[in-house]
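These are the residues of each chain, in order.
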Amino acid sequence: MKTSINISSVEKAFLLLEFLAAKGKPATLQELTDAVKLAKPTAYRLLQTLHELGYVSRPSGSRSYLVGPRTQRLTSLDPQIDLKSRAQPLLRKLHEEFNETVNLASLSDGQVRYLDYLETTQALRYIVTPGQSDPWFCTALGRAAASQLSDKALSRLIANTQLQPITPETVRTRNDLLQRVKKVRSDGYAQENEESIQGVSCLAVGLAPLGFPESAISISMPSHRLTAKKKAAIIKLFKSLLSNADAFSVSRRK
């Protein structure tokens with residue numbers, strides 16, 4: 001027997017949970033119905049179900065609602081765990097070879113969101129932390145990830161991008177941005193020269209060969225350290241790591 005799911009009810013239940021999570025303290029039924037624009041009987045029925053499942057709780061003697069303990073099952077999950085696991089050996093190899101900061105990031109809502117990094121031990125460095133984000137268009141990471149999109153998805157992404165100059169080197173026009181992404185596709189890697197941070201340059205490569213078409217890894221450093229010889233060595237290692245990613249990951253785990 002097939003079970004039908006009322007998508008509208010699912011959406012309304014999540015709206016209630018999101019409001020409770022954002023509020024951070026008990027909320028009355030009236031507050032909830034006002035906030036999510038639901039009829040009181042509908043909100044009450046959904047809250048009762050969520051309460052029975054443990055996703056909503058009610059303080060003793062109170063008519064108000066709180067986020068329940070079972071939501072921890074959802075927040076404890078890391079949706080990027082497989083990506084991080086597959087990328088870690090590549091990050092470590094890049095870090096060992098060049099002792100520069102390496103980053104892992106994914107494209108999301110017009111931003112590159114940093115997921116993992118290894119920091120250089122050298123004095124001059126620029127560090128981002130997991131959870132931090134930057135505009136995709138002015139970063140090597142963002143353009144490397146965007147280069148793996150379909151033409152249609154890339155056109156939509158560029159059309160929805162507000163090109164705000166961050167440094168004097170930041171790309172200024174959508175046509176120029178499109179050409180830079182196309183160059184990433186032909187070259188097999190992305191390069192950013194002081195477009196997001198003055199004095200910092202970055203090389204990046206997409207992780208579609210590993211099965212993550214909206215993610216990329218990068219190596220960044222002060223611009224004066226990115227010599228032609230070093231750039232060539234980084235690009236060579238990028239290609240080697242991606243062409244042998246599965247074997248490399250297995251050997252690093254042994």
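Scroll up for the structure.
Residues numbered from 1 in each chain as written. Predicted model: local features only at pLDDT ≥ 70, side-chain atom pairs only at ≥ 80, totals over all residues. Heavy atoms only, no water.

(A) Inspection of the overall build of the protein at higher detail. From N to C terminus, the protein includes ten helices and eight strands. By residue count, 43% of the 254 residues in the protein fall in the buried class. Here the contacts in the protein between residues at least 6 apart in sequence split such that 54% fall between residues at least 24 apart. Total accessible area on the protein stands at roughly 14100 Å², and carbon and sulfur atoms take up 52% of it. (Helix = DSSP H or I, 4+ residues; strand = E, 2+ residues; numbered from the N terminus. Buried < 20%, exposed > 50% of the residue type's maximum accessible area, 1.4 Å probe, protein only. Contact = heavy atoms within 4.5 Å. Areas by Shrake-Rupley, 256 points an atom, 1.4 Å probe, with all protein chains shown as cover.)

(B) How the structure looks around the packing of helix H5 (residues 81–98) against helix H9 (residues 228–243). Contact pair H5 / H9: the axes reach a minimum separation of 11 Å and the direction vectors enclose 155 degrees. Between H5 and H9, the angle is such that the two are roughly antiparallel. Remark: the crossing between H5 and H9 carries right-handed chirality. Every residue of H9 that contacts H5 at Leu 90, Lys 93, Leu 94, Glu 97 and Phe 98 is listed here: Lys 230, Ala 233, Ile 234, Leu 237, Phe 238, Leu 241 and Leu 242. For the contact of H5 with H9, the per-class residue count stands at nine nonpolar, no polar and three charged. (Axes fitted to C-alpha atoms, helices over the stretch in contact; angles between N-to-C directions. Parallel < 35°, antiparallel > 145°, perpendicular 65-115°, else oblique. Left-handed = near helix turned anticlockwise from the far one by under 90°. Nonpolar A, V, L, I, M, F, W, Y, C, P; charged D, E, K, R; others polar.)

(C) Fine view of the packing of aromatic side chains. As enumerated under the stated definition, the model contains zero aromatic pairs in all. Of note, Arg 58 hangs over the ring of Tyr 65, and the distance from its end group to the ring centre comes to 4.4 Å. (Phe/Tyr/Trp six-rings, centres within 6.5 Å; stacked < 30°, edge-to-face > 60°. Lys NZ or Arg CZ within 6 Å of the ring centre and 35° of its normal.)

(D) Here's a closer look at the packing of helix H2 (residues 29–36) against helix H3 (residues 40–53). Contact geometry for H2 and H3: axes closest at 10 Å, N-to-C directions at 110 degrees. In terms of axis orientation, H2 runs roughly perpendicular to H3. Our pair here, H2 against H3, has a crossing hand that is right-handed. Counted together, Leu 29, Gln 30, Leu 32 and Thr 33 of H2 and Lys 40, Ala 43, Tyr 44 and Leu 47 of H3 form the full contact between these two elements. Here the contact of H2 with H3 is composed, by residue class, of five nonpolar, two polar and one charged.

(E) Fine view of the pattern of salt bridges. Tallied over the entire structure, the rule returns eight salt bridges. Between Glu 100 and Arg 225 there is a salt bridge whose closest N-O contact spans 2.8 Å. Here Arg 225 lies in the loop between strand S8 (212–222) and H9 and Glu 100 lies in the loop between H5 and strand S3 (101–108), a separation of 125 residues in the sequence. For the pair shown, Glu 100 and Arg 225 are each scored as buried. Where Arg 143 meets Glu 195, a salt bridge forms, and the shortest distance between an N and an O atom there is 2.7 Å. Of this pair, Arg 143 sits in helix H6 (residues 140–146) while Glu 195 sits in the loop between strand S6 (190–193) and strand S7 (200–207), and the two are 52 residues apart along the sequence. (Salt bridge = Lys/Arg side-chain N within 4 Å of Asp/Glu carboxyl O.)

(F) Expanded view of H9. Compared with the 22 Å implied by 1.5 Å per residue over 16 residues, the 23 Å span of H9 between its first and last C-alpha is a close match. Along H9, the residues that are buried comprise Lys 230, Ile 234, Ile 235, Leu 237, Phe 238, Leu 241 and Leu 242. Viewed along the axis of H9, the buried residues span an arc of 165 degrees, placing them on a single side of the element. Exposed side chains of H9 directed beyond 90 degrees from the buried face belong to Ala 228, Lys 229, Lys 236 and Ser 243. (Expected span 1.5 Å × (residues − 1). Arc of directions from axis to C-beta.)

(G) Expanded view of the pairing of S8. Among the eleven residues in S8, nine count as buried, and that is most of the element. Two strands pair when backbone bridges link them, and S3 and S8 are joined in this way by six bridges, in the antiparallel orientation. For Val 102, the partnering residue across the bridge sits in S8 and is Ile 219. Pairing of S7 with S8 involves eight bridges; the strand directions are antiparallel. Residue pairing in the sheet places Ser 201 in a bridge with Met 221 of S8. (Pairing = 2+ DSSP bridges.)

Read these as geometric descriptors, not functional statements.
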